[in-house]
Amino acid sequence: MAAGMLSAGSKVAPVPSPPAAFHECWSDPSGCSGHSSSSAKGASGSVPLRSSSTCVGMAHMEIRPLILRFPPNFVRQLSIKARRNCGNIGVAQVAAARATQEYTPDLVAAYPSNGAAAASAATSLDVAISSSSLSDSPPPDVDSSVLNIATTLIASSPFFACEKAKPRSTSTLAVHGGERLGRPKVADALATPIVQTSTYTFQNTAELIAFQEGSFGSFEYGRYGNPTTHVAESKISALEGAETTLLSASGMCATTTMLLALVPAGGHIVTTTDCYRRTRQFIHTVLPKMGITATVIDPADVFSLECTLDQNNVSLYFSESPTNPYLRCIDIPRISELCHRKGALVCIDGTFATPINQQALALGVPLDSPYDQVLAGSVSGSRDVIDVVRKLHNILGGVIDPNAAYLILRGMKTLHLRVKQQNITALKLARALEEHSMICRVYYPGLESHPEHKVAKKQMSGFGGVISFEIAGDLEVTSKFIDGLRIPYIAPSLGGCESLVEQPTIISYWDQSPAQRALFGIKDNLVRFSCGIEDYDDIHADVMQSLAAL
């Protein structure tokens, strides 16, 4: 491409009259796009580009002209930077441009100069382009360099992304999900902005009425929604494969609000023996005040579940998978089938799995309730069910701060990278621990010795970064092992960059007597190790040296 090809005053080869489906786009420094231009140079000295819009599966479709509004200094910037990388600056500017017409997801830009370039653009954005509508070479009287620019600019615009051709890779969704089309537009920033406000304004009463009636999209009050939070919710929905997601101030806020909203007074819950202690406390101490009863079963006890469903009017089945701290795994498709047959909802807490390793919704569960690294919680599922939870959430007010929502967005962009490393480290460490003489037992779904290994292998793409194991010793010996470690921090939680280690007896159940802890299966020699992203050899060496010192 010639340097400065699209700079002001440059000559451009004449473009032949396009088919009916072609429309012009031109620089609009004023931001007002009330007229069209057919000259080679617009009023601002810019060069108009002609592009074709092809509807996938529909060769002929009447559409309104698409007009892209370019920044006022677009031509000047393009001229200055053309010598460095003309193509890239063009893509960046057009990707930041706004479309004045209503977005039509079925439309895809397609008038490339060669098939290979078009295929490359389509693959990078996962845009479906009909090969039958592509021309292998430009018309003979059109400068191929100009046409290449036009193709790159238009095909790269997010407004042409076909929603029916969503990327299926969780790594791609983690980076782009919820943001490419959903990010608030502030100075064409790439990063989603933090909208730090508690209230929102309206231009006039008519606009407020339109908002109340659902014909005008905006926000009203911070407790009911926030633009930054909405983008984070959209990204989680993309990862989970959910229709919608509700973010809350904490995982327990998400769980308790969900239970209160979906289980009626006098209802019945089924839950599992191995679960987060605070969830169990809420089910056993708070819900009974509303006449809600619960049946607690082993995660693998399908027979007891069937009996409970037959003998009670069960409203909801709730379980973690994998569970905390013994990493038991429930057969999600089978449990869902049994519960749905009886009209009971199913909620799976996927904290330990993350949607990178397990998408519970794709396995037949209408609700999924994962936590995030920041203090937050979310509930994902079908819109009609989540809307019920959202209404109660708006009353109770467990709102996540916009700054926390931004941190979640930032963290999720690298979630797949961290989880991948944690999966590798945890599996290798679990196998090494299983062979060590100072270890009585290892609990990890990736091991063949795990009671639900076949279930986990069937429904998980990775087994997570958390390992639980029992030291050959008592409480003091186990504490000595933990104190001898140099890399992990002694702390609860999981999923971060740093490895963490804890003794559940001390960190979660110290206020319980040995007899009470035994009822929950918590042993004094139990260790929970949450792998970070450190080098495996370093973690392995650290664990082995601490075991050797016992």
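Peer 1: What am I meant to see in the packing of helix α14 (residues 415–434) against helix α19 (residues 536–548) here?
Peer 2: Here α14 crosses α19 at 30°, and the two axes come no closer than 10 Å. One element, α14, and the other, α19, form an angle in the roughly parallel class. When you trace α14 past α19, the crossing you get is right-handed. Contact residues: α14 offers T425, K428, L429, A432 and L433, while α19 offers Y536, I539, H540, V543, M544 and L547.

Peer 1: Quick question: what am I supposed to make of the side chain of D331 here?
Peer 2: By the element assignment, D331 lies in the loop between β9 (314–320) and α10 (332–341). What makes D331 buried here is its relative accessible area of 19%. Apart from residues no more than four positions distant in its own chain, D331 is found in contact with V455, K458 and Q459.

Peer 1: Looking at this structure, I do not really get the pairing of strand β17 (residues 526–530). What am I missing?
Peer 2: Burial of β17 is extensive: five of the five residues sit out of reach of the surface. Here β17 shows no split at all, with L526, R528 and S530 on one side and V527 and F529 on the other all buried. Relative to β17, strand β16 (residues 500–502) runs antiparallel, the two sharing three bridges. Counterpart to E502 in the pairing with β17 is R528.

Peer 1: How should a nonpolar patch on the surface be read in this particular structure?
Peer 2: A surface patch of nonpolar side chains, about 370 Å² in accessible area, is lined by L260, M290, I395 and L396. Mapped onto the secondary structure, L396 falls in helix α12 (residues 383–396).

Peer 1: Just checking my understanding: could you explain the pairing of strand β10 (residues 345–349) for this structure?
Peer 2: Walk down a regular strand and you will see the side chains alternate between the two sheet faces. In terms of residue burial, β10 counts as a mostly covered element, since four of its five residues are buried. Of the strand pairs in this sheet, β9 and β10 are connected by five bridges, and their pairing is parallel. Within β10, the residue paired with L316 across the bridge is L345. In the classification by handedness, the crossover that spans β9, the intervening α10 and the parallel β10 is right-handed.

Peer 1: I keep staring at helix α13 (residues 402–412) and nothing clicks. Help me out?
Peer 2: Since the α-helix packs 3.6 residues into each turn, any two residues three or four apart lie on the same face. Those residues of α13 lying buried are P402, A404, A405, I408, L409 and M412. The buried residues of α13 occupy one face: seen down the axis, they fall within an arc of 160°. Those residues of α13 that are buried are in contact with α4 (170–176), α6 (227–240), β6 (244–248) and α14. N-capping of α13 is provided by D401, with a side-chain oxygen placed 2.8 Å from the backbone N of N403.

Peer 1: Could you clarify how one ought to interpret the nonpolar core in this entry?
Peer 2: What tends to happen in soluble globular proteins is that the nonpolar side chains get buried as a cluster. Counting residues in each nonpolar core, the largest one holds 31 residues, and the members touching the most others are F469 and V543. If you list the elements that add at least two residues to this core, you get α14, β13 (439–443), α15 (453–459), β14 (466–471), α16 (475–484), β17 and α19. Looking at this core element by element, the count peaks at six residues for α14. Those residues in contact with F469 that lie beyond four places of it in its chain are L433, I439, R441, V442, Y443, F481, N525, L526, V527 and F529. L246, L259, I292 and C347 belong to the second-largest nonpolar core, a separate cluster that totals 19 residues.

Peer 1: What should I look at first to understand unusual backbone geometry in this one?
Peer 2: Comment: phi is negative for the bulk of residues other than glycine, and the bulk of peptide bonds are trans. Each neighbour pair has its own omega, and for S321 with P322 the value is -5°, a cis peptide bond. With respect to the helices and strands, the residue P322 is situated in the loop between β9 and α10. Residue P325 follows N324 across a cis peptide bond; omega there is 10°. By the element assignment, P325 lies in the loop between β9 and α10. Look at L327: it is not a glycine, yet its phi comes out positive at around 55°. Residue placement: L327 occurs in the loop between β9 and α10. Phi at S493 is positive, roughly 85°, even though this residue is not glycine. Positionally, S493 belongs in the loop between β15 (489–490) and β16.

Peer 1: I'm lost on the pattern of salt bridges in this one. Help?
Peer 2: Inspection of the entire model under this criterion finds 12 salt bridges. A salt bridge links E470 to K523, with the nearest nitrogen and oxygen atoms 3.2 Å apart. Here E470, found in strand β14, pairs with K523, found in the loop between α18 (514–519) and β17; they are 53 residues apart in sequence, far enough to count as distant. Judged by its relative accessible area of 6%, E470 falls in the buried class. Several salt bridges share partner residues, and in doing so they unite E179, K235 and K413 into one network.

Conventions we followed
Residues numbered from 1 in each chain as written. Predicted model: local features only at pLDDT ≥ 70, side-chain atom pairs only at ≥ 80, totals over all residues. Heavy atoms only, no water. Axes fitted to C-alpha atoms, helices over the stretch in contact; angles between N-to-C directions. Helix = DSSP H or I, 4+ residues; strand = E, 2+ residues; numbered from the N terminus. Parallel < 35°, antiparallel > 145°, perpendicular 65-115°, else oblique. Left-handed = near helix turned anticlockwise from the far one by under 90°. Contact = heavy atoms within 4.5 Å. Buried < 20%, exposed > 50% of the residue type's maximum accessible area, 1.4 Å probe, protein only. Pairing = 2+ DSSP bridges. Patch = residues over 30% accessible without salt bridge, like charges linked within 9 Å, V, L, I, M, F, W, Y side chains within 5 Å. Areas by Shrake-Rupley, 256 points an atom, 1.4 Å probe, with all protein chains shown as cover. Salt bridge = Lys/Arg side-chain N within 4 Å of Asp/Glu carboxyl O. Right-handed = clockwise from strand over helix to strand, strands pointing away. Arc of directions from axis to C-beta. Polar contact = N/O pair within 3.5 Å; in protein donor to acceptor, adjacent residues only side chain to side chain. Core = buried A, V, L, I, M, F, W, Y, C linked by side-chain atoms within 4.5 Å.

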